[in-house]
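Each chain is listed here by its residues.
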Protein chains: 2
Amino acid sequence: MPEHSGVSRPGGRTARTRDAVHAAVRELLAEPETEITMAAVAERSGVHFTTLYRRWGNIESIVLDLAVERVTEESPVPATGDLRADLTEYVHRLLASLRQAGTGTLLQALLAAAGQATEAEQVTQFVEPRIEQFQSLLDAAEVTRIDGLRLVELILAPAYLWAQFGAPLDPDADTARLVDTVLAVARDPA
Amino acid sequence: MPEHSGVSRPGGRTARTRDAVHAAVRELLAEPETEITMAAVAERSGVHFTTLYRRWGNIESIVLDLAVERVTEESPVPATGDLRADLTEYVHRLLASLRQAGTGTLLQALLAAAGQATEAEQVTQFVEPRIEQFQSLLDAAEVTRIDGLRLVELILAPAYLWAQFGAPLDPDADTARLVDTVLAVARDPA
DNA sequence: CGATTAACGCAAGTGAATTTGCAATAGAAT
DNA sequence: ATTCTATTGCAAATTCACTTGCGTTAATCG
């Protein structure tokens, strides 16, 4: 028996196939015409489609898996204490990442999964760290009139909405507006 | 030849089957356990599933069709000139409608379709009227520092995001916050 | 090093979703 | 009335997503 509890064989074959699958999905997402199907991912990754079904169950879970990974790695939240500077840097990077090809598909997987109890745990992995990071940002700037959840509403909500509508915001043109909104509310919440 | 251009036979059989299908989908959406499939809609509506495929092509289009209809009828935007009162009334009704059973499915259809060029026209039918109504509301209140698009970001975006995340906002507890946000930004946009 | 077992590859099978050809029906025009 | 044609109903066919059983590979432990 390899292990009684915890993750089994994390650095071996399991990790290799997961990486191969993630890489394949990234490639497919970058090709707007290509549909993301189990068959396509299997072919591109070299991993048998039976394996995909056994480990993930359906294509949405695979995409969600990647979505959580990618969003986390691409959008670190700064917390230097300068509210405007931190927000500006973060929002600018966020909007830029939302303009990459395939972002719509990723967001759809994320939000579709969010609604279903089955995948709720995976989504929590995405939302909670972000709220905490936002809270850290606010704490560093000694802002107490709004909280992390409010930042989600004022920044992530509009950014994601436009991205999903196929009209992602422009990092250079729209960052200031979103940041100014937060500053206005932080100054005058009621 | 019935007609050369324009809508053909709008009040006849075509309209009846569309109504039957819409009614069936409304029923199915109200039953949380039931999956919305072509077969289920066909059985419930009495319309043959072949007809569904021919007219809509897929189940998503059918749900989108209903989503556009329902959102429009359920969320009229008041414009009496009292900004706070108008917003409060509208947001309260919006949040209440987002708590109805099946709303998640409807939103998903709406936002999924939004990303695809094929359905873009149908989605425009939903977004544009809403922006215009918001603009009327602002005009009535003689507010010039923000526009209809901004209201979409500050109200619809957070409301839809939480609804999609399976945690729709509470009409009584959360309306004031969303309204206050708008008022704060209208007062101090930068 | 050898035993153990989780994860994988493979091939066939199952079933639901979707398509297609043809006949029947019902608005609309003449 | 009758004619025409868009729309629907029906049944058969087909495609595709997904599952299952079994043999193989490879990672971990003693």
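Computed from a predicted model, the values in this text were never measured in an experiment. (Residues numbered from 1 in each chain as written. Chains lettered and ligands numbered in written order. Predicted model: local features only at pLDDT ≥ 70, side-chain atom pairs only at ≥ 80, totals over all residues. Heavy atoms only, no water.)

Caption draft 1: The arrangement of the UniProt feature "domain: HTH tetR-type" (unreviewed entry) in chain A in detail. According to UniProt, the feature "domain: HTH tetR-type" (unreviewed entry) maps to residues 15-74 of chain A in the numbering used here. A helix fraction of 80% and a strand fraction of 0% characterise residues 15-74 of chain A, whose end C-alpha atoms lie 21 Å from each other. (UniProt positions renumbered as here; feature names shortened; annotations may be inferred. Helix = DSSP H or I, 4+ residues; strand = E, 2+ residues; numbered from the N terminus.)

Caption draft 2: Broad picture of the relation of the copies chain A and chain B. Of the transformation placing chain A onto chain B, the axial shift is 0.0 Å and the rotation is 179°, giving an RMSD of 0.2 Å. Within this description, the copies of the chain are treated as partners about a two-fold rotation axis. Proximity to the rotation axis, assessed at the C-alpha, singles out Ala157(A) in chain A; its C-alpha lies 2.6 Å from the axis. Same-surface contact between copies: 100% of interface residues of chain A are shared with the interface of chain B. (Least-squares fit on C-alpha atoms with pLDDT ≥ 70 in both. Contact = heavy atoms within 4.5 Å.)

Caption draft 3: A look at the packing of aromatic side chains. All names here are of chain A. A complete count under the given rule lists 4 aromatic pairs over all chains for this structure. Seen in terms of ring centroids, Phe49 and Tyr53 are 6.3 Å apart; in terms of plane orientation they differ by 85°. Their pairing is edge-to-face. Separated by 4 residues within a single helix, Phe49 and Tyr53 lie in helix α3 (residues 49-56), roughly one turn from each other. Given a relative accessible area of 43%, Tyr53 falls into the partly exposed group. (Phe/Tyr/Trp six-rings, centres within 6.5 Å; stacked < 30°, edge-to-face > 60°. Buried < 20%, exposed > 50% of the residue type's maximum accessible area, 1.4 Å probe, protein only.)

Caption draft 4: Seen up close, the side chain of Ser61(A). Checked against the element boundaries, Ser61(A) lands in helix α4 (residues 59-74). Excluding anything up to four places from it in sequence, Ser61(A) contacts Trp56(A), Glu119(A) and Gln122(A).

Caption draft 5: Focus on the nonpolar core. Within the largest apolar cluster, 128 residues are counted, with the highest numbers of intra-cluster contacts made by Leu52(A), Tyr160(A), Leu52(B) and Tyr160(B). Not counting residues within four places of it along the chain, the set of residues in contact with Leu52(B) comprises Val21(B), Met38(B), Val41(B), Ala42(B), Val47(B), Gly57(B) and Ile62(B). (Core = buried A, V, L, I, M, F, W, Y, C linked by side-chain atoms within 4.5 Å.)

Caption draft 6: Fine view of the domain arrangement of chain A. All names here are of chain A. Segmenting chain A into domains produces domain 1 (8-57) and domain 2 (60-187). A separation of 26 Å is found between the C-alpha centroids of domain 1 and domain 2. Contacts between the two partners involve 11 residues from domain 1, matched on the other side by 12 residues from domain 2. In this structure, the salt-bridge partner of Glu69 is Arg26, at a minimum N-O distance of 2.9 Å. Counting across the domain 1 and domain 2 interface gives 6 residue pairs in polar contact (both at pLDDT 80 or more). Among the elements of the structure, α1 (13-30) and α3 are those that each provide at least two residues to the side of domain 1 that touches domain 2. Ranked by residues supplied to the side of domain 1 that touches domain 2, first place goes to α1 with 7 residues. Residue composition of the side of domain 1 that touches domain 2, by class: 8 nonpolar, 1 polar and 2 charged. (Domains from an automatic or database assignment. Salt bridge = Lys/Arg side-chain N within 4 Å of Asp/Glu carboxyl O. Polar contact = N/O pair within 3.5 Å; in protein donor to acceptor, adjacent residues only side chain to side chain. Nonpolar A, V, L, I, M, F, W, Y, C, P; charged D, E, K, R; others polar.)

Caption draft 7: A look at unusual backbone geometry. All names here are of chain A. In the Ramachandran plot, Glu142 falls in the positive-phi region, its phi being about 60° despite a non-glycine side chain. Topologically, Glu142 is positioned in the loop between α7 (120-140) and α8 (148-164). Exposure remark for Glu142: the relative accessible area of 72% places this residue in the exposed category.

Caption draft 8: Representation of the interface of chain A and chain B in the model. Between chain A and chain B, the residue contacts involve 32 residues of the former and 33 residues of the latter. Of all residues in chain A, the largest losses of buried area upon contact with chain B belong to Glu153(A), Trp162(A) and Phe165(A), amounting jointly to 22% of the total for that side. Remark: the boundary between chain A and chain B carries 4 salt bridges. Between Glu153(B) and Arg177(A) there is a salt bridge; the shortest N-O distance is 2.4 Å. Between chain A and chain B we count 8 residue pairs in polar contact (both at pLDDT 80 or more) in total. Counting only elements with at least two residues in the side of chain A that touches chain B, the list comes to α6 (103-115), α7, α8 and α9 (171-187) of chain A. Here the element with the most residues in the side of chain A that touches chain B is α8(A); it accounts for 11 residues. For the side of chain A that touches chain B, a count of residues per class yields 20 nonpolar, 5 polar and 7 charged. (Buried area = accessible area lost by both parts, 1.4 Å probe.)

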